Amino acid sequence: MSVRLRLGVNIDHVATVRNARGTDYPDPVAAALLAASAGADGITAHLREDRRHIRDDDIARLRAELPVPLNLEMAATDEMLAIALRHRPHAACIVPEKREERTTEGGIDAAGQFARLAPMCAALAQAGIRVSLFIEPSAEQIDAAIRLAAPVVELHTGRYAELDGPDQAGAREVELRRLADAAALAAKNGIEVHAGHGLTTGNVAPIAAIPQVRELNIGHALIADALFVGLAEAVRAMRAAMDAARG
Ligand code: PXP
């Protein structure tokens, strides 16, 4: 019997819709509470430097109201570190951030940015916040995560998700193998493995089946599905797809 896979629901795009009109609805905190009652094991929110979706007061309200752990996605900046230390989420996932990108386009270069990340990881750990590094599935990045004493890595599944064309099956298998190898290497070194980006009910199965993966963080596709079936049903359907793959 494999370990149950946790589902972290990313509610950023509820805030995207709210901010498109400058209204106070739809409320991402209300969505988080609904997702939690429908079976989400945690909630993820990315406070971007430009506040394009989640805003500071959303983080304060999530911390006050959530019955499940909050995973704060944050860039490796002094501003975000101060915010994390003030709000003390359960976990902080450090992601790369570029102002002009549409979404987080790659993993953080934990190896290349070691000197910047080391004091940040130490400060977060000291405050009792679980550090997660959003990285590409490579041995070099896992090695850096080990040296940074990160308890968690989140493997970037974006490349896997994009390789969905009929003539891309081979490349997709290669990427899946990279993800599985990275998960095994991290777990062997005592690091908890999460994964996410670009996952849908249609492509989640092979990722959910990697035995070392303990948590998936999923946002865009879930919120898109929610437009048609409602958020609670979208969360249940994702949960069912994950559980079926886990066996
Ligand atoms: N994990 C991380 C670290 C992310 O940055 C994102 C996107 O905000 C996700 C998971 C969720 O990706 P998606 O919205 O494509 O499901």
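What counts as what
Residues numbered from 1 in each chain as written. Predicted model: local features only at pLDDT ≥ 70, side-chain atom pairs only at ≥ 80, totals over all residues. Heavy atoms only, no water. Phe/Tyr/Trp six-rings, centres within 6.5 Å; stacked < 30°, edge-to-face > 60°. Lys NZ or Arg CZ within 6 Å of the ring centre and 35° of its normal. Buried < 20%, exposed > 50% of the residue type's maximum accessible area, 1.4 Å probe, protein only. Helix = DSSP H or I, 4+ residues; strand = E, 2+ residues; numbered from the N terminus. Pairing = 2+ DSSP bridges. Core = buried A, V, L, I, M, F, W, Y, C linked by side-chain atoms within 4.5 Å. Contact = heavy atoms within 4.5 Å. Disulfide = S-S within 2.5 Å. Near = heavy atom within 4 Å. Polar contact = N/O pair within 3.5 Å; in protein donor to acceptor, adjacent residues only side chain to side chain. Areas by Shrake-Rupley, 256 points an atom, 1.4 Å probe, with all protein chains shown as cover. Nonpolar A, V, L, I, M, F, W, Y, C, P; charged D, E, K, R; others polar. Axes fitted to C-alpha atoms, helices over the stretch in contact; angles between N-to-C directions. Parallel < 35°, antiparallel > 145°, perpendicular 65-115°, else oblique.

**A word on the packing of aromatic side chains**
In this description, an aromatic ring pair is defined by two values, namely the gap between the centres and the angle between the planes.
Part 1 of the reasoning: In total, this model carries 0 aromatic pairs according to the counting rule given.
Part 2 of the reasoning: The cationic tip of arginine 147 hangs over the ring face of phenylalanine 114; the distance from NZ or CZ to the ring centre is 4.7 Å.

**With respect to the pairing of strand E3 (residues 70-74)**
Part 1 of the reasoning: Counting buried residues in E3 gives 5 out of 5 residues, a clear majority hidden from the surface.
Part 2 of the reasoning: Here E3 shows a buried face lined by Leu70, Leu72 and Met74 and a second buried face lined by Asn71 and Glu73.
Part 3 of the reasoning: Pairing between strand E2 (residues 42-46) and E3: 4 bridges, direction parallel. Each bridged residue has a counterpart across the sheet, and for threonine 44 the counterpart in E3 is asparagine 71.

**So, the nonpolar core**
Part 1 of the reasoning: Within the largest apolar cluster, 78 residues are counted, with the highest numbers of intra-cluster contacts made by Ile43, Leu62, Ile94, Leu124, Leu133, Leu155 and Leu216.
Part 2 of the reasoning: If one sorts the elements of this core by residue count, helix H11 (residues 231-246) sits on top with 7 residues.
Part 3 of the reasoning: Beyond its immediate chain neighbours, meaning those up to four positions away, leucine 216 contacts Leu5, Arg6, Leu7, Gly8, Ala195, Leu199, Val204, Ile207, Ala208 and Met242.

**A closer look at the state of the cysteines**
Part 1 of the reasoning: For the structure on display, the rule yields 0 disulfides.
Part 2 of the reasoning: No disulfide involves cysteine 93; its sulfur sits 11 Å from that of cysteine 121, the nearest cysteine.
Part 3 of the reasoning: A relative accessible area of 1% places cysteine 93 in the buried class.

**Examining the site of the ligand**
Part 1 of the reasoning: Looking at the ligand, there are 13 residues lining it, with Glu73, Glu154, Gly198, Gly219 and His220 nearest.
Part 2 of the reasoning: With respect to the ligand, the backbone of glycine 219 contributes an N or O atom lying 2.8 Å from an oxygen atom.
Part 3 of the reasoning: Backbone polar atom of histidine 220 to an oxygen atom of the ligand: 2.8 Å apart, as the coordinates give it.
Part 4 of the reasoning: For the ligand, whose free accessible area comes to 390 Å², the fraction covered by protein is 94%.
Part 5 of the reasoning: Looking at the shell around the ligand residue by residue, the classes come out as 3 nonpolar, 7 polar and 3 charged.

**Overview of the sheet that holds E3**
Part 1 of the reasoning: Taken together, the 8 strands give a closed barrel; going around it, the order is E1-E2-E3-E4-E5-E6-E7-E8, and neighbouring strands pair in parallel fashion. Going across the sheet, the axis of each strand differs from the next one's by a mean of 25°, ignoring polarity.
Part 2 of the reasoning: Where strand E1 (residues 6-10) meets strand E8 (residues 213-218), 4 bridges bridge the pair, whose relative direction is parallel. Considered in E8, the bridge of arginine 6 is made with glutamate 215.
Part 3 of the reasoning: Against the sheet, helix H5 (residues 114-126) touches E3, strand E4 (91-94) and strand E5 (130-135), its axis set at about 170° to E4.

**Points about the packing of helix H4 (residues 78-87) against H5**
Part 1 of the reasoning: Across the interface, H4 lies against H5 with an axial gap of 10 Å and an inter-helix angle of 10°. As the angle between them shows, H4 and H5 are arranged roughly parallel. Contacts between H4 and H5 involve Asp78, Leu81, Ala84 and Leu85 on the former and, on the latter, Arg116, Met120, Ala123 and Leu124.
Part 2 of the reasoning: Residues belonging to the contact of H4 with H5 are distributed by class as follows: 6 nonpolar, no polar and 2 charged.

None of this, on its own, says anything about what the molecule does.
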